[in-house]
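Per-entry structural report
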Amino acid sequence: MTDASLIGAVPPTLETLRISKGRRRREVLVRWTLLLAALVSVVVSALILWSLFREAWTFITGVVWAETWGQSGWFPRRGIYDIPTIVVPTVIVTAIAMVVAGPIGLGAAVYLSEYARAGVRAWVKPVLEILAGIPSVVLGFFALTWIAPNLVGRIGKPALLTVGLGVLGLYAAVAGFFAWSRLKRYRDGSSDSSALIGVVGAAALLAAMGVGYLFWLLSLLGDFAPARAGSLAAAGIGVGLLTIPLVASVSEDAMAAVPEHLREASAGLGARRMATATKVVVPAAISGIVAAFIVATSRAIGETMVVFMAGGAADAARFTDSPFEGGLTMTAAMASLASGTDSVVGEGLTFQSLYFVGLLLFVITLALNVVAARFVDRVREQY
Amino acid sequence: MTDITADTTVDAGAGATVGAAAGGAAAVGIGAAAAPPATAAPASPAVPAPDAAALGLAGAAEPAPDRHTVFCTRDLNVYYGQFRAVRDVTFDVCQHEITALIGPSGCGKTTVLRCYNRMNDLIDGARVTGTIEYHGLDLYDERVDAVEVRRRIGMVFQKPNPFPKSIYDNVAYGPRVAGQRKGLDEVVEGSLTKAALWDEVKDRLGDSAFGLSGGQQQRLCIARAIAVDPDVLLMDEPCSALDPIATARIEDLMQEIKREYTIVIVTHNMQQAARVSDMTAFFTAEIHSENDTRTGILVECDHTKTIFSNPSDERTENYVTGRFG
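Before going into details, it helps to say that this report is about the structure given with it. Owing to the predicted nature of the structure, the values given are computational and were not obtained by experimental measurement.

**What about the overall build of chain B?**
- When helices and strands are counted, chain B shows 14 helices and 10 strands.
- The buried share among the 325 residues of chain B stands at 54%.
- Accessible surface computed for chain B: about 13400 Å², of which carbon and sulfur atoms make up 52%.

Here you go:
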């Protein structure tokens, strides 16, 4: 036998360096096991997508569009699948959720990363993350029994007016700034006239959207009658509460990663904390912050239990664009179809509509991610 | 030659008092160099030589009235939590002069520097005792707004730290956060010109500041600091991340701008302190063996020439001749 201390002194032979058969077999086994683990997740994702597409395609080709078109309601049992009836509530719930979660989450993140002392942060952040662990069933129940009667029922109208006009103002400011900076760049001669046509087109579209929004807001204020039980607004606020920790936590991580020397440089120039936060830290952390909003929006779109419980509709619904009425979101519609009184599992076209809605959700989330990635590329300040 | 000897004797006396009991002795030491700034620092400050010495002697009898104290530091102590980082520092900084703070690592130079624009306020648990008077006003008076202080007392950091923005936006940052909206172009051009960077960047003001070399970035940081038209510039080892050529440019620049500003510079590089500064404060650290911490103390503050040729304290001599430790 070779003495360990003599290895190196003795010139090697093939016998001392040879790999044992058992060892070689084990290496191969480990390799293939790990590959299998990696493949399972890929294959499962691919299979899900494929079945989604296949069943959705059956629905798209099989549904009698002439019957569904022009109807305003989602009544799967009667073969009426009006897509806007489930898309518009989804948009409303998501928008309300982001109006709640965006400012509160970002504010919490700025506080934690720029204002809070280390001791405060050490206990606030874990508490925030515990909040993220609250089961959505609990929040759904809370939304139905407390938010709906107390918040939406009592202060729904003034709150809608304030928040609605605030959102409109913010929208106008952002769109106006965008158009103005583009126009200025055009006047400086750094972009050509073909770009201007695009800008004018985009500006017209943005303006039209703004006007449409204003009319919608006014129509809501005209016939305000909050639903006694669940409503889209209650569900939206509930979903918003659910996503606050997500926005706060991910944004805070991004802001905490901004190097301290940039904050010192800013403070040394006589900037107050808020100026440092808005002009240095947030621009430097923008990709992480946008990511936080995207993840939160995706979560809000996909949230099921809260909207199912507090959204004020199940199984079927008439079309509504009012957050104060009950409505059926895409996820709630799917949940209704798949379970409960209206269970339709394996029941032909109605069953396949489930897949179609799922595909629609998937496409919306994907589009959101693509748009956000392009936005981040444009505004990011890389440090 | 006799002049120099005489001068150093006088200064050595003053310096010794500073080292021993601190107090107002530093002011006497400063008074001894009663020359107008331009004379006190000729083109090549490494050899301030006889005329300054002669003037210094003359001033020793009666301090010249035109030498204005900017920072009057008395018994300054800085604590980080329980830990005392700096103990009983007393010295003065005069207008339109370059005051260098030198000493080994961990001797509190940077801590002292950061007291002058209340940068230590940003650190949790930092606490300051003693007084720093800025043109006769107590900087740490509770009615004083640290942000207003920092607008008058700018800072250049060890590592060039431009914002991830364009060159233009970097320089315009200070005026913008102070609320200025008009005339930014002039401010940017003027500041970059003063920082000797204008010719190199005037055609690419919209480019990212990160595209500049290290030396250019540091001059950009100086331009950014002087864009708010401060009274004092604090520089924390501004050349330690730069090569010798970039360092030389920054040193020339300091000589240029000291006519308008008062400069306090922390440096590890003794040659740099000898080349650029008018006054030098030598710090060292007391090592507490029981808990392995260090507390910075000021050994002496005197004319740079005196510190480097004939310091009053043995520790200073050991340090400047490289025999430290």
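From this point on, the discussion continues.
**Quick word on the sheet that holds strand S8 (residues 262–266) of chain B**
Residues and elements named next belong to chain B.
- Here we have 10 strands laid out as an open sheet, ordered S5-S4-S1-S2-S10-S9-S3-S8-S7-S6, and mixed in their pairing. Because the sheet does not close on itself, it has two edges, and the strands there are strand S5 (137–138) and strand S6 (153–156).
- Inspection of the sheet shows strand S4 (residues 126–134) paired to S5 by 2 bridges, in the antiparallel sense. The residue of S5 that forms the bridge with Tyr134 is Leu137.
- Of the strands in this sheet, S6 and strand S7 (232–236) touch helix H10 (residues 214–226), which is tilted by about 170 degrees from S6.
- Helix H11 (residues 244–257) rests against strand S3 (98–102), S7 and S8 of the sheet, and its axis sits at about 150 degrees to S8.

**Concerning the interface of chain B and chain A**
- The interface is formed by 27 residues belonging to chain B together with 23 residues belonging to chain A.
- Around 2000 Å² of area is buried between chain B and chain A when both sides are counted, 57% of it from carbon and sulfur atoms.
- Counting the surface chain B buries against chain A, the share from its top three residues, B:Asp124, B:Pro164 and B:Tyr173, is 25%.
- Counting across the chain B and chain A interface gives 3 salt bridges.
- One salt bridge in this structure joins B:Asp124 and A:Arg117, with 3.2 Å as the shortest N-O distance.
- Put simply, chain B and chain A have 8 residue pairs in polar contact (both at pLDDT 80 or more) between them.
- Those elements that provide at least two residues to the side of chain B that touches chain A are helix H6 (146–152), S6, helix H7 (167–177) and H10 of chain B.
- Per-element accounting of the side of chain B that touches chain A gives the leading share, 4 residues, to H6(B).
- In terms of residue class, the side of chain B that touches chain A is built from 14 nonpolar, 4 polar and 9 charged.

**Concerning helix H4 (residues 83–115) of chain A**
- With 33 residues, H4(A) extends 46 Å from end C-alpha to end C-alpha; this agrees with the ideal 48 Å at 1.5 Å per step.
- At A:Ala101, H4(A) is bent by approximately 25 degrees, the largest bend along its length, and proline A:Pro103 sits one to four residues beyond.

**Observations concerning the packing of aromatic side chains**
- Per the counting criterion, the structure on display carries 10 aromatic pairs over all chains.
- Residues B:Phe282 and B:Tyr319 carry aromatic rings whose centres are separated by 4.9 Å and whose planes lie at 35 degrees to one another, so their mutual orientation is tilted. Taken together, the residues B:Phe282 in strand S9 (residues 279–288) and B:Tyr319 in helix H14 (residues 314–320) connect sequence positions 37 residues apart. Each member of the pair, B:Phe282 as well as B:Tyr319, is classed as buried.
- The positively charged end of A:Arg273 is found above the aromatic ring belonging to A:Tyr115, 5.9 Å away from the centroid.
- Taking NZ or CZ as reference, B:Arg224 lies 4.5 Å from the ring centre of B:Phe163, over its face.

Criteria and thresholds
Residue positions are given per chain, counted from 1 along the sequence in the order it is written. Here the convention is simple: chains get letters from A, ligands get numbers from 1, in the order in which they are written. It should be noted that, the model being predicted, local features are given only for residues of pLDDT at least 70 and side-chain atom pairs only at 80 or more, the latter also being counted only at that level, while totals for whole chains, interfaces and linings use all residues. Working from all heavy atoms in the structure, the side-chain values ignore hydrogens and water. Going along the chain from the N terminus, every DSSP run of H or I of four or more residues is numbered as a helix, and every run of E of two or more is numbered as a strand. For the exposure calls, accessible area comes from a 1.4 Å probe over protein chains only, and a residue counts as buried if that area is under 20% of its type's maximum, exposed if over 50%, partly exposed in between. Residue-level accessible areas treat just the shown protein chains as cover; the underlying method is Shrake-Rupley with a 1.4 Å probe. The rule for pairing is simple: two strands pair if DSSP sees at least two bridges between them. The contact criterion used is simple: two residues touch if any of their non-hydrogen atoms lie within 4.5 Å. For every element, the axis is a line fit to its C-alpha atoms; helices are fit only across the contacting stretch, and the angle between N-to-C directions ranges from 0 to 180 degrees. Here the buried area means the combined drop in accessible surface, using a 1.4 Å probe, for two parts upon being joined, counting both sides. Salt bridge, as applied in this entry: a Lys or Arg side-chain nitrogen positioned within 4 Å of an Asp or Glu carboxyl oxygen. For the purposes of these results, a polar contact is taken to be a pair of N or O atoms within 3.5 Å, where, inside protein, one atom must be able to donate a hydrogen and its partner to accept one; residues adjacent in sequence count only when each atom of the pair is a side-chain atom. Classification used: nonpolar for Ala, Val, Leu, Ile, Met, Phe, Trp, Tyr, Cys and Pro, charged for Asp, Glu, Lys and Arg, polar for all others including Gly. How far a helix is expected to stretch is found by multiplying one less than its residue total by 1.5 Å. The angle between axes fitted to the seven residues ending at a residue and the seven residues starting there is what we call the bend at that residue. Stacked, tilted and edge-to-face are the three classes applied to pairs of Phe, Tyr and Trp rings, where Trp contributes its six-membered ring and a pair requires centres within 6.5 Å; stacked means planes under 30 degrees apart, edge-to-face means over 60, and tilted covers the rest. Charge-over-ring contacts are defined here by two conditions on Lys NZ or Arg CZ: a distance within 6 Å of the ring centre and an angle within 35 degrees of the ring normal.

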